[in-house]
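As a plain string of letters, each chain reads:
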Amino acid sequence: MRIYNTKTRRKEEFKPIEEGKVGIYVCGPTVYDFIHIGNARPMIVFDTLRRYFEHKGYEVNYVSNFTDVDDKIINRSIEEGIPAAEVSEKYIAECKKDMEALNVRPATVHPQATKEIPEMIDMVSKLIDKGHAYEKNGTVYFRVRSFEPYGKLSHKNIDDLESGHRAESHALKVTGEDEKEDALDFVLWKPKKEGEPSWVSPWGDGRPGWHLECSCMSKKYVGDTLDIHAGGEDLIFPHHENEIAQSEAANGCEFANYWMHNAFLKINGEKMAKSLGNFFTVRDICQQYDPQVIRFFMLSAQYRTPLNFSKELIEDASRGLERIINGAEKLKGIAENKKGILLSEDEKLVLENDVPGYIDRFDEAMDDDLNTADAISVIFEFVRFTNSKTDENSSADFAASLLRVLEELSEKVLGIKLERKADDVDDSLVQQIEALIAERTAAKKEKNFARADEIRNQLADMGIIIEDTREGVKWKKA
Ligand code: AMP
Ligand code: ZN
């Protein structure tokens, strides 16, 4: 597999540290509110990366944190008059519900910053001992100039950064960081303020800086060197640059071999962000659309391509997914038929000669830096192919074999379930619909077509569309 590595700015052949295993760390959300669909992009994309590695036979250790101590969480707790821990626990639970709806599998571990404080204190102590950090009035800073490769991920020049920062010296006074040795230095540990959560440390009561959290949690749950570190492209600088500085200075080895960054989900050409107020929560969007459509939409673009969120594109995605589901349902219908038709020679040849080519092309697309857009095109072609190769005379085994391929690629690898959202139609309505359908079938048998049409219209007025298929009458919401 070839992966575009932000560090080297080119696609590289992926080589794991240990044969057959991959360790991945993905920066997770700060939990002070419901996640928005921009936050869902890295979740869906890197969950798909994990699934693809598994499809290729790797054992994957997939770690993604929750940042549960942060200014935004503290502000929320003050606004709502509840402890910060209650705010973060509530939104972790809500985030997990959204992940489940989007078929994002739980990580191997979801560490939380507040539960890893001893490890953080250890790392800060080590950095101080090695001369990479210093304490001033209860704040510990990382000494950026002590880490020579600083800027290697974001390709920034340290002197350019310095002159930019000098212009901001007024801002440093405002944040109380004017005691730093150098404007470039960043916070590892900050002292407690009244009413804020804090932990005891050798530098006084306080809390960890955001960058430090990821360095410590990735070290503990993945190792000193990660195969892959991932997140949204806004994290490249300063977050990931600072993680590298901390981890490499403390551990004395390369922090991550491959860095993957997803491009933004945009709205009207602008980044979707809480701070800009132009966001939709996953929760709201899932009320309007099937969450599988959202997942399909996200994967319809390669992850490094900016993706614009619009009603039209979501509706396109919905129609596209519908075509795939229809293809799967046709195969399911044939696979379940009990006509006793045996696998024919022709069908055997199709399975042996034609089908593997689709799987290979799907894998080729995914091997090319997780090109899910091309992989989905292959699925569309495969569905067209299965539609053209199957009819009422096909064998159940043939349809079942084709269905297995479609399920492996769509459901297992891309995580897109080949089923329609369980319609939120209550049981009594379902009974009423089914009774009307039975009555219509009986009317048709008696050649009372006027009554049959009347029932069809009555169902249409109820927002129900019916379809006569070989397997019987099917219905769905309009
Ligand atoms: P945050 O809670 O802001 O730290 O974001 C959590 C994750 O979502 C990070 O990996 C961000 O880079 C990512 N993210 C935030 N907004 C967007 C967006 N509009 N498009 C894609 N990724 C985003
Ligand atoms: Zn991080």
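Above: the structure in question.
Reading the values: rules and limits
- Residues numbered from 1 in each chain as written.
- Chains lettered and ligands numbered in written order.
- Predicted model: local features only at pLDDT ≥ 70, side-chain atom pairs only at ≥ 80, totals over all residues.
- Heavy atoms only, no water.
- Pairing = 2+ DSSP bridges.
- Helix = DSSP H or I, 4+ residues; strand = E, 2+ residues; numbered from the N terminus.
- Axes fitted to C-alpha atoms, helices over the stretch in contact; angles between N-to-C directions.
- Donors = N, O, S within 2.8 Å, 3.2 Å for Na, K, Ca; no water.
- Tetrahedral: all angles 85-135°; square planar, octahedral: opposite > 155°, others 65-115°.
- Buried < 20%, exposed > 50% of the residue type's maximum accessible area, 1.4 Å probe, protein only.
- Near = heavy atom within 4 Å.
- Polar contact = N/O pair within 3.5 Å; in protein donor to acceptor, adjacent residues only side chain to side chain.
- Areas by Shrake-Rupley, 256 points an atom, 1.4 Å probe, with all protein chains shown as cover.

Participant: Explain the sheet that holds strand E5 (residues 133–136) to me, using residue names and the numbers behind them.
Facilitator: In space, the four strands of this open sheet follow the order E5-E6-E7-E8, with antiparallel pairing throughout. Strands with a single pairing partner mark the edges of an open sheet, and in this sheet they are E5 and strand E8 (206–208). Between one strand and the next, the sheet's axes are offset by a mean angle of 25 degrees, whatever the strand orientation. In this structure, strand E6 (residues 139–142) lies alongside strand E7 (residues 186–191), joined through three bridges in antiparallel fashion. Each residue of the ladder has a partner; that of tyrosine 141, found in E7, is valine 187.

Participant: Can you explain the coordination of the zinc ion (ligand 2)? Please cite residues and give values.
Facilitator: Taken together, the protein ligands of the zinc ion (ligand 2) are Cys27 (SG), Cys214 (SG), His239 (NE2) and Glu243 (OE), with distances of 2.0 to 2.6 Å. Relative to the metal, the four donor atoms surrounding the zinc ion (ligand 2) lie at angles of 71 to 127 degrees, and the coordination shape comes out irregular. Of note, the zinc ion (ligand 2) draws all its donor residues from one chain, in the sequence arrangement C-x186-C-x24-H-x3-E. Of the two residues, cysteine 27 is situated in the loop between strand E3 (21–26) and helix H1 (37–55) and histidine 239 in helix H8 (residues 236–251); the sequence distance between them amounts to 212 residues. Side by side, cysteine 27 and histidine 239 carry an identical accessibility label, which is buried.

Participant: A description of the site of ligand 1 should follow, citing residues and the corresponding values.
Facilitator: Near ligand 1 lie 17 residues; those nearest to it are Thr30, Gly232, Asp234, Leu265 and Met272. A distance of 3.0 Å separates an oxygen atom of ligand 1 from a polar backbone atom of glycine 232. For ligand 1, a nitrogen atom lies 2.7 Å from a polar atom in the backbone of leucine 265. Computed on the free molecule, ligand 1 has an accessible area of 490 Å², of which 89% lies beneath the protein chains in the complex. Counting residues per element, the ones that place at least two in the shell around ligand 1 are H1 and strand E9 (226–232). It is H1 that contributes the most residues to the shell around ligand 1, three residues altogether.

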